[in-house]
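Coordinates in review
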Amino acid sequence: MNKAHLPALGRRALLLGLGASLALPGVRLAFAQAPGPARLVVVLLRGGLDGLYAVQPYADPDFTELRGPLALPEPGREDGLLDLGGRFGLHPRLSGIHAMFRENEALILHAVAGPWRTRSHFDAQDLLESGAEQRLASGWLNRALAALPPPPAGRAAGLAIGTTTPLLLRGRARVDNFMPRGVAELPPDLMARILDLNARDRALGPSLRDGVRARGYVLETLGEAARQRPAPGGQFAVLAKAAGQLMAAPQGPSVAAFELGGWDTHAQQAARLNAPLAQMDEGLVALKQALGDVWRRTAVLVVTEFGRTARVNGTLGTDHGTGGAAFILGGAVQGGRMLGDWPGLAPAKLFQNRDLWPTTDIRSLAKGLLRDHLRLPRAAVDAAFPNSGETAPLGGIIRV
Amino acid sequence: MGQEFMEGEQGGLAALAWLADQEATHRHLARKLAIHFVADSPPPAAVDALFAVLRDTRGDLGAVARRLVALDAAWKPPLSKLRAPVDYMMAVLRALEAPAQITAGLINTSQFLGQPIWNARAPNGWPDQMADWAAPEAILRRVEWAFGQAGRGAGRDAATLAEAVMGPLIQPETLRAASRAGSAREALTLVLTSPEFQRR
């Protein structure tokens, strides 16, 4: 794997949003030493979130031409982006994250990618969770757990929210698994694909269509008007709330992970991303609310396996790419800032002439959180991310 | 029908034996077997073949079962019988090699999917036509349940699993959809909810 284009990471982590640099971390200083152990939540966005769509570099001179129909109106205009300090803007469905940003609780990173250069979801997700350049039998978050103080007898230090334990949390350390009842709703995009696959079937095709209509799945790509979802945020908000409640308990797990799909938008991206973005936003707000005071000692890392192509494809979507966006949220986070080394969008600046050039290794974010938030010793951080010596932990994520 | 039987149990048994030996019974049974194992509207030739065995053996169920297995029409793709909920549940769990402990929750699952085990409607029993099982809510529940189960199968390769459980029946559209899915779990869900997986 070629990673020669990756600069020494961490060293060049620049402030991107000048306006946002006015954030006053001192205001939060009183909370920095919030009593109690730190909590770390990792949210996996499976399918490849288009970072250039969720976090739009609207001031980049090449942006509008490159993105065409996927470039949203600038901040301040109708249905416009939510400003992140003068150069970047959040998708309007991410208003909850924007509120956290304004309260200095959200750090947004751009041009982030793992060290892998595969365009396969399955491989990239395995590597993202392994925390290495090859697939390992355990996940980096599980290996990090091994270095934490042992949890009270009968308790697990880690918690996987969902029907399964993701590779991220598999390994030697004991991890509990929890699935809230009544969570069965599929990601709308997957439901759309299942409908497509069954469309040719004379019985199943019509039945599924009717069932989906009756349930009010948001399937705007089918030409149906968006409907009010039964529960705001859908199942992801239920998962997030459950994670928050369990972690807020005095002897709750230090670490939890859960996931959200629906990001693989090869077609009709603008319509297809509305629902997942809203779910993600409402879920993260629900997580914050459920954590209550514990939010002050929490950091939430939101990552995806890769970004998407910089140019819009022939079906108004984007294909598997490289550099993308990541989010670090929480009361423990020194937020209100855009971080990353912006590579630009000029044709010559694109990775393989098609993707946002990755300038920050995703492992540096995670290593920074393990070192500064969970306060793991260096050996433990290295064990979580083997052979990552060239990728220094990103400093300054956590309030000091 | 011009028959008289004694009162009491002996008479009842004699009546049943007589009924079981009637050509009309053989034809009715042949048709029910063909509907269940071949198609909702089975080809007349298949019904005739089963009927002939029942007539010639005077109702030997073992013999008719062997003839059924040997029927080309029972195997010829595309398979047309929609799996009833319990069949579907079993097929998914077997495909995912679910652990034995999972059986504890299956009574509830069978109810959720619309075919509660041991609670068939009297006196007719479970219906046997696609339209009876393909109601929108019922199919949607299968899809949602399959998505939940696919979470357990994470790490499995969907194409390999599809090949193992469906072999030549798998449709290229399904493999293509699975290969383009956003995650291993979504790929498995697509295989498990494909039209051909829902058939038998």
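Below, the structure is looked at part by part. (Residues numbered from 1 in each chain as written. Chains lettered and ligands numbered in written order. Predicted model: local features only at pLDDT ≥ 70, side-chain atom pairs only at ≥ 80, totals over all residues.)

Turning next to the packing of helix 8 (residues 136–152) of chain B against helix 11 (residues 184–192) of chain B. Residues and elements named next belong to chain B. Relative orientation of the contacting elements helix 8 and helix 11 amounts to 135°, with a least axis distance of 8 Å. For the element pair helix 8 / helix 11, the angle class is oblique. Crossing handedness for the pair helix 8 and helix 11: right-handed. Every residue of helix 11 that contacts helix 8 at Ala-146, Phe-147, Ala-150 and Gly-151 is listed here: Arg-185, Leu-188, Thr-189 and Leu-192. Of the residues that constitute the contact of helix 8 with helix 11, the class distribution is five nonpolar, two polar and one charged. (Axes fitted to C-alpha atoms, helices over the stretch in contact; angles between N-to-C directions. Helix = DSSP H or I, 4+ residues; strand = E, 2+ residues; numbered from the N terminus. Parallel < 35°, antiparallel > 145°, perpendicular 65-115°, else oblique. Left-handed = near helix turned anticlockwise from the far one by under 90°. Contact = placed C-beta atoms within 7 Å. Nonpolar A, V, L, I, M, F, W, Y, C, P; charged D, E, K, R; others polar.)

The next thing to look at is the pairing of strand 1 (residues 39–45) of chain A. Residue and element names in this part refer to chain A. The buried fraction of strand 1 amounts to seven of the seven residues, a majority that puts the element mostly inside the structure. Neither face of strand 1 is exposed, since Arg-39, Val-41, Val-43 and Leu-45 on one face and Leu-40, Val-42 and Leu-44 on the opposite face are all buried. One ladder, built from seven bridges, connects strand 1 with strand 9 (residues 298–304); its direction is parallel. Across the sheet, residue Leu-44 finds its bridge partner in strand 9, namely Val-303. As judged from the six bridges shared by strand 1 and strand 8 (residues 255–260), these two strands associate in the parallel manner. Each residue of the ladder has a partner; that of Leu-44, found in strand 8, is Glu-259. (Buried ≥ 20, exposed ≤ 12 C-beta atoms within 10 Å, placed from the backbone. Pairing = 2+ DSSP bridges.)

Moving on to the sheet that holds strand 2 (residues 55–56) of chain A. In a beta sheet, neighbouring strands pair by backbone hydrogen bonds and run either parallel or antiparallel. Strand order across the open sheet formed by three strands is 2-4-3 (chain A), with antiparallel pairing between neighbours. Because the sheet does not close on itself, it has two edges, and the strands there are strand 2 and strand 3 (82–83) of chain A.

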